[in-house]
Amino acid sequence: MIVWTIANQKGGVGKTTTTVTLAGILAEQGKRVLLIDTDPHASLTYYFGIDSEDLDNSVFDLFVHRQNLTKEQLLQTLCPTSMDNLDILPATMALATLDRRMGNQSGMGLVLKKSLNLLADEYDYALIDCPPVLGVLMVNALAACNRILIPVQTEFLALKGLDRMMRTLYLMGRSQKKEYKYTIIPTMFDKRTKASLEAYKELKKLYVDKVWSNVIPVDTKFRDASLAQSVPSVYTPKSRGVFAYQNLLTFLSQAGS
Amino acid sequence: MTKGSFANEEIMEEYLDALLSEDEVVSTQSKPTIETSKPVLTTQDNPVERLLDQVKPEVFKEQATKPVTDIIEKTVPTVQAEVTETHAVKLNISQEAVYSTADLSTQIKADKKSAESTPGSIIESAAKGYQQGEFQALFFEVAGLLLAVPLTELGGIHNLTETSPLFGKPNWFKGVMLNRDEKINVVDSAQWVMPEKCQPELVNTLSYKYIIMLGESNWGLACEKLVNTVTLKQEDIKWRAAAGKRPWLAGLVKEKMCALLDVEQLITLLNKGLDSQDS
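These remarks concern the structure in this document.

So, how was this worked out
- Residues numbered from 1 in each chain as written.
- Chains lettered and ligands numbered in written order.
- Predicted model: local features only at pLDDT ≥ 70, side-chain atom pairs only at ≥ 80, totals over all residues.
- Heavy atoms only, no water.
- Helix = DSSP H or I, 4+ residues; strand = E, 2+ residues; numbered from the N terminus.
- Buried < 20%, exposed > 50% of the residue type's maximum accessible area, 1.4 Å probe, protein only.
- Contact = heavy atoms within 4.5 Å.
- Areas by Shrake-Rupley, 256 points an atom, 1.4 Å probe, with all protein chains shown as cover.
- Axes fitted to C-alpha atoms, helices over the stretch in contact; angles between N-to-C directions.
- Left-handed = near helix turned anticlockwise from the far one by under 90°.
- Nonpolar A, V, L, I, M, F, W, Y, C, P; charged D, E, K, R; others polar.
- Expected span 1.5 Å × (residues − 1).
- Pairing = 2+ DSSP bridges.

1. Quick look at the overall build of chain A
Then comes step 1: Tallying secondary structure elements over chain A gives 12 helices and 7 strands in all.
Then comes step 2: Expressed as a percentage of its 257 residues, the buried residues of chain A come to 58%.
Then comes step 3: Counted over contacts in chain A with a minimum sequence separation of 6, partners at least 24 positions apart contribute 79%.
Then comes step 4: Of the roughly 10600 Å² of accessible surface on chain A, 49% is carried by carbon and sulfur atoms.

Shown next as C-alpha cells:
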C-alpha cells in the first residue's frame, strides 16, 4: 500500500481538495483507495455527506484502542463512500482533544502507521488529510506515509507558512532517521494576478526541484463538486483543475511511491 | 502544552523522539484514577511526560510526581495543610464521580484556599492560556442559545446516552452517565444557564445529543448541537471585566454575540452545587 500524506501547517491551501481529487482519480482507475481524515474539523468526512458526530467509530478510536486494535475493529471503523473503490476512515471533533488527553504518551506518534499496516492488503493507496496544526495527529500522519504532498497556495503569506512545515519535516526526519520524500504542489494559481506569478517564481527559487513543475489552477468547479458531495473527477471530469491533478498523479507515479 | 515549549528546537526534537519511539513502555502499576483497570504509563517510564514536566511550573511538577509526604516535608508549615488538601481533592475526583453538595463545598473551599496560596501568576498562566494570542473555540447550541468553550479547556465530547437521575440534586443536574467505566455528571445546560426560561414548553422541545466535558473534571454540559470550531483572536472577545459578576463567563464572542465559558470557574460553581443565577 502506498501512503501519501497531504499536509501543510497553514490552513486553506487546498489540502482537502488535493486529497479528494487525487483519491477520486485513483479510484476511477480501479485502485482501492482509503482516505483518512485526521482533521478535527472533519471537512473530508463531511465532503462525502457523512455527519461524523453521528458515527460510533472514528480515527479517534484508533488511539483509544491502540493497545489491542485488531484488523476487524479497524475495518468496522471505515465508511464506504458513494464511489466504488473509495472508503474513508472518518474524523470527529473529539480528535481536537487528543493532544490534551494522550499527547504526552510515548509511542503515540506511531498509532496511525501501525493501524495502516493492518490494512496493507486491503488497499492500494491510502491518502491522509492532515489538520493544519502541528500535534499528535500531524506527527502520526507524517510518520505513516511514504511521501508527503504539500499544497501551497501561490501567494506570499503561504510561502511564509511553508517555512514552518519544512522545519517540521526536518525535525521529523532527524527523529526518525530518514529523509522524507516530499513534493510541493503550487495550488490556486491564477495566472492573471501578479501575486500568483511572483509567488510561484519565489517558490521555485527557494525549493527548486522539490516543487512540482506544474500548477493547480484556481477552478470554481472544485467548489461545485464539493457542494454536490462528489469527487471532482466524476462531477467535472473535463475541468482544468481535474486535468492538472491528473498530471500531478502521472508525475507522482513516475517519481515512485 | 505551552507555545514556549515548542519554541525551543531541542524540546521539540525530544518531543518528536518520544512520540515516535517504538518502545511504548507500559507499566502495570495503576494510578489512583477511575481508569484503574487499564495499564498506565508512569511518569518515570514516559519520556514525553517527563519532558512536559520539565516545562511545567515547579509547583505542578512536585504535585504530579512526588508523594504527598515529600511535598509536606519540603513546604513551609503554613502551606503544608493546603497542599495536602489539594491532593485530596484531586484523588477524590478521580475515584468518585458523585458527591454530596456539602462534601464538595468543603473540598472546593480547600482547593480554592490552596490556589490562593499558590503564586497567582502560575495558576493564571496555566489555566487561562487562551487569553493570549489566537485560540480555537468550540461553538455549541442549547435551546437556541449559542455557547463557546476554548478547545484547550475541553475535556472531550461524548454522545449522550442514558442518564441516571440522583435524588436530592438540583433541577439542572440531569443525572450520571456511564462512559467506558467513567461516571459523568451531566448538566442540563438550559436549566443551568437560564432556569427562568425553562418552562414545560421549552423543556419538552429540548433534545440533548452530546456532552461537552469540562476540562479534566467529571462534569459535562449537555448540548443539542455541535456547531463548529473557530479560531478566535483576542480582539474577537469582549473579556469579562468585573471578577465577581458571572464568574462562569470568560467573555463575549463579539461577532456571534455568544458567551465564552470560563471552564475553571464553571467547574467550581458546579462543584458547589450553584447555578448561573446563584453565582
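Continuing now.
2. With respect to the packing of helix H7 (residues 136-144) of chain A against helix H8 (residues 156-176) of chain A
Residues and elements named next belong to chain A.
Then comes step 1: Running from N to C, H7 and H8 cross one another at 65°; their axes reach a closest spacing of 11 Å. Every pair of crossing elements has a handedness; the one defined by H7 and H8 is right-handed. For the pair formed by H7 and H8, the contact residues are Met 138, Val 139, Leu 142 and Ala 143 on the first element and Met 165, Thr 168, Leu 169, Met 172 and Gln 176 on the second.
Then comes step 2: In the contact of H7 with H8, the residues fall into 7 nonpolar, 2 polar and no charged.

3. Examining H8 of chain A
Then comes step 1: Here H8 of chain A spans 31 Å end to end across 21 residues, near enough to the 30 Å set by a 1.5 Å rise per residue.
Then comes step 2: Of the residues making up H8 of chain A, those classed as buried are Ala 158, Leu 159, Gly 161, Leu 162, Met 165, Met 166, Thr 168, Leu 169, Leu 171, Met 172, Gly 173 and Ser 175 of chain A.
Then comes step 3: As for H8 of chain A, its buried residues are in contact with H7, strand S6 (147-153), strand S7 (181-187) and helix H9 (194-207) of chain A together with helix H2 (9-19) of chain B.

4. Observations concerning the pairing of S6 of chain A
Residue and element names in this part refer to chain A.
Then comes step 1: With respect to burial, S6 is a largely interior element, 7 of its 7 residues being buried.
Then comes step 2: Neither face of S6 is left uncovered, since the one carrying Arg 147, Leu 149, Pro 151 and Gln 153 and the one carrying Ile 148, Ile 150 and Val 152 both have all their residues buried.
Then comes step 3: In the sheet, strand S1 (residues 2-6) pairs with S6 via 3 bridges, with the strands oriented parallel. Bridged to Ile 6 within S6 is Leu 149.
Then comes step 4: In this sheet, S7 lies alongside S6 in parallel orientation, the contact comprising 7 bridges. Of the residues in S7, the one forming a bridge with Arg 147 is Lys 181.

5. Points about the sheet that holds strand S2 (residues 145-150) of chain B
Residue and element names in this part refer to chain B.
Then comes step 1: Strand order in this open sheet of 6 strands is S8-S1-S2-S11-S10-S9, and the pairing throughout is mixed. Taken across any chain shown, the strands that pair with only one partner, and hence form the sheet edges, are strand S8 (225-232) and strand S9 (237-239). Ignoring strand direction, the axes of neighbouring strands in this sheet form an average angle of 30°.
Then comes step 2: Relative to S8, strand S1 (residues 135-142) is paired through 7 bridges, and the arrangement is antiparallel. Following the sheet pairing, Phe 135 is matched in S8 by Leu 232.

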